[in-house]
Amino acid sequence: MCRHLAYLGPPVTLAELLFEPAHALVRQSWAPRDMRGGGTINADGFGVGWYPSDGEPVRYRRAQPIWSDPTIAELAAVTRAGAVLAAVRSATVGMAVLDGAAAPFAEGRWLFSHNGVVRGWPDAVVPLAAGLPVRDLLTLDAATDSALLWALVRHRLRAGDDAAEAVARTVAEVAVAAPGSRLNVLLTDGRRVVATTFGHALSVRAAAGSVLLASEPHDDDPRWRPVPEGHLVTATVDEVRMCPLPTGEPHRSGNARCVTEQRGRTDDRGTVGDLP
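Scoring rules and cut-offs
Residues numbered from 1 in each chain as written. Predicted model: local features only at pLDDT ≥ 70, side-chain atom pairs only at ≥ 80, totals over all residues. Heavy atoms only, no water. Helix = DSSP H or I, 4+ residues; strand = E, 2+ residues; numbered from the N terminus. Buried < 20%, exposed > 50% of the residue type's maximum accessible area, 1.4 Å probe, protein only. Contact = heavy atoms within 4.5 Å. Areas by Shrake-Rupley, 256 points an atom, 1.4 Å probe, with all protein chains shown as cover. Pairing = 2+ DSSP bridges. Salt bridge = Lys/Arg side-chain N within 4 Å of Asp/Glu carboxyl O. Axes fitted to C-alpha atoms, helices over the stretch in contact; angles between N-to-C directions. Phe/Tyr/Trp six-rings, centres within 6.5 Å; stacked < 30°, edge-to-face > 60°. Parallel < 35°, antiparallel > 145°, perpendicular 65-115°, else oblique. Left-handed = near helix turned anticlockwise from the far one by under 90°. Nonpolar A, V, L, I, M, F, W, Y, C, P; charged D, E, K, R; others polar. Core = buried A, V, L, I, M, F, W, Y, C linked by side-chain atoms within 4.5 Å.

Draft legend 1. Here's a closer look at the overall build of the protein chain. A tally of regular secondary structure across the protein chain gives eight helices and 15 strands. Counting over 276 residues, the protein chain shows a buried share of 54%. Within the protein chain, contacts between residues at least 6 apart in sequence are counted, and of these 64% link residues at least 24 apart. By element, 53% of the accessible surface of the protein chain is carried by carbon and sulfur atoms, the whole surface being about 11,200 Å².

Draft legend 2. Quick peek at the pairing of strand E1 (residues 3-13). The buried fraction of E1 is high, at nine of 11 residues. As defined by bridge partners, E1 adjoins strand E10 (residues 210-214) across four bridges and the pair is classed as antiparallel. Bridged to Ala6 within E10 is Leu213.

Draft legend 3. Structural detail: the pattern of salt bridges. Applying the stated criterion to the full structure yields 13 salt bridges. Asp141 is the salt-bridge partner of Arg59, the closest N and O atoms lying 4.0 Å from each other. One end of the pair, Arg59, is in strand E3 (residues 58-62); the other, Asp141, is in the loop between helix H5 (134-138) and helix H6 (145-158), with 82 residues separating them in the sequence. Given the relative accessible area of 32%, Asp141 is considered partly exposed. Note that Arg225 is salt-bridged to Glu261, the shortest N-O span being 2.7 Å. With Arg225 in strand E11 (residues 224-226) and Glu261 in strand E14 (residues 259-262), this pair connects stretches of sequence that are 36 residues apart. The class for Glu261 is partly exposed, based on a relative accessible area of 22%.

Draft legend 4. Representation of the sheet that holds E3 in the model. The strand order across the open sheet built from seven strands is E3-E2-E4-E1-E10-E9-E11, with neighbouring strands paired in antiparallel fashion. What marks the edges here is a single partner per strand, and that holds for E3 and E11. The sheet shows a mean angle of 15 degrees between the axes of neighbouring strands, taken without regard to direction. The pairing of strand E2 (residues 46-50) with strand E4 (residues 80-88) spans five bridges and is classified as antiparallel. By the bridge assignment, Phe46 is partnered in E4 with Val88.

Draft legend 5. View of the packing of aromatic side chains. Per the stated rule, a full pass over the model turns up two aromatic pairs. Each ring, one from Phe46 and one from Tyr60, has its centre 6.0 Å from the other, and the planes form 40 degrees; the classification is tilted. Within this pair, whereas Phe46 is found in strand E2, its partner Tyr60 is found in strand E3, the two being separated by 14 residues in sequence. Residue classification places Phe46 among the buried residues on the basis of a relative accessible area of 2%. With relative accessibility at 12%, the residue Tyr60 sits in the buried group. Aromatic side chains Phe112 and Trp150 sit 5.4 Å apart centroid to centroid with 25 degrees between the ring planes, which places their arrangement in the stacked category.

Draft legend 6. Focus on the environment of Gly9. If you trace the backbone, Gly9 turns up in strand E1. According to the relative accessible area criterion, Gly9 is buried, its value standing at 17%. Residue contacts for Gly9: discarding those within four places in its chain leaves Gly82, Gly209, Ser210 and Val237.

Draft legend 7. Main features of the packing of H6 against helix H7 (residues 163-177). Following both chains from N to C, one finds H6 and H7 inclined at 135 degrees, their axes separated by 9 Å at the closest point. Regarding the angle of H6 to H7, the classification is oblique. In this structure, the crossing between H6 and H7 has a hand that is right-handed. Counting all contacts with H6, which are made through Leu149, Leu152, Val153, Arg156 and Leu157, the residues of H7 involved are Ala163, Ala166, Val167, Arg169, Thr170, Glu173 and Val174. Per-class residue counts for the contact of H6 with H7 are eight nonpolar, one polar and three charged.

Draft legend 8. Representation of the nonpolar core in the model. Ranked by internal contacts, the top residues of the largest apolar core, which has 33 residues, are Phe112, Val153, Val167, Val174, Leu183 and Leu187. Put simply, the parts of the chain that give this core at least two residues each are helix H4 (126-129), H6, H7 and strand E7 (182-188). Aside from chain neighbours lying at most four places away, what touches Val153 is Phe112, Ala166, Val167, Thr170 and Leu187. Formed by 24 residues, the second largest nonpolar core is a distinct cluster that contains Val12, Trp50, Ala76 and Leu212.

Here you go:
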């Protein structure tokens, strides 16, 4: 599996997210607390994308362990941003280990990350891949399940789908085509984050004017709380909304309702039928 995070809020240094906390992403690369489905470390690459004051995001990706690259530590110490997506990678056996296989994947303002695995790769998702333009398949960043997931989500975004809808429907389709897959994803445009819990953990820490979503809490702040399994999260600096994913797998969501949390207020609204 992998570990990833997304942050929105007042500008912070990348080091404050990647290196400084007691259980920061760099530590999760070699001492993760919650690895499911195999693997013990996340040493097959890393990436970080951040948004300057305006314009499209900047990315830095490498195929080596994050702890072995001195450049990212130096860069993180002096780079500030109010929107960040970062990941460390544990490659599924048989999949490529190269810079282009590391999240975040990107197009325009979008950044995307996948924590998990598509079971039965690649045969299980051949029918879904066949619905993509041939050019998209020929220009995948890498021949990996994560890169294909991004291509599927991106195809919906290009067609005009809302970000939450693009993620929810892609996860639902892949879950049906490849049962047993782990499909935790993060998608951001620098203004909001869309995330899923599908086979792996995710926690959220919301504070005044900021929100941080991460595979594992990076400190002991009591504001961290887990996102329930089988949920879609849409988050901004002002609001976090969690809804059951419409995956066609009732055991994942049951009769749970959407919960919207605004700063200082929690409201139960909607059902699974309202999503996305």
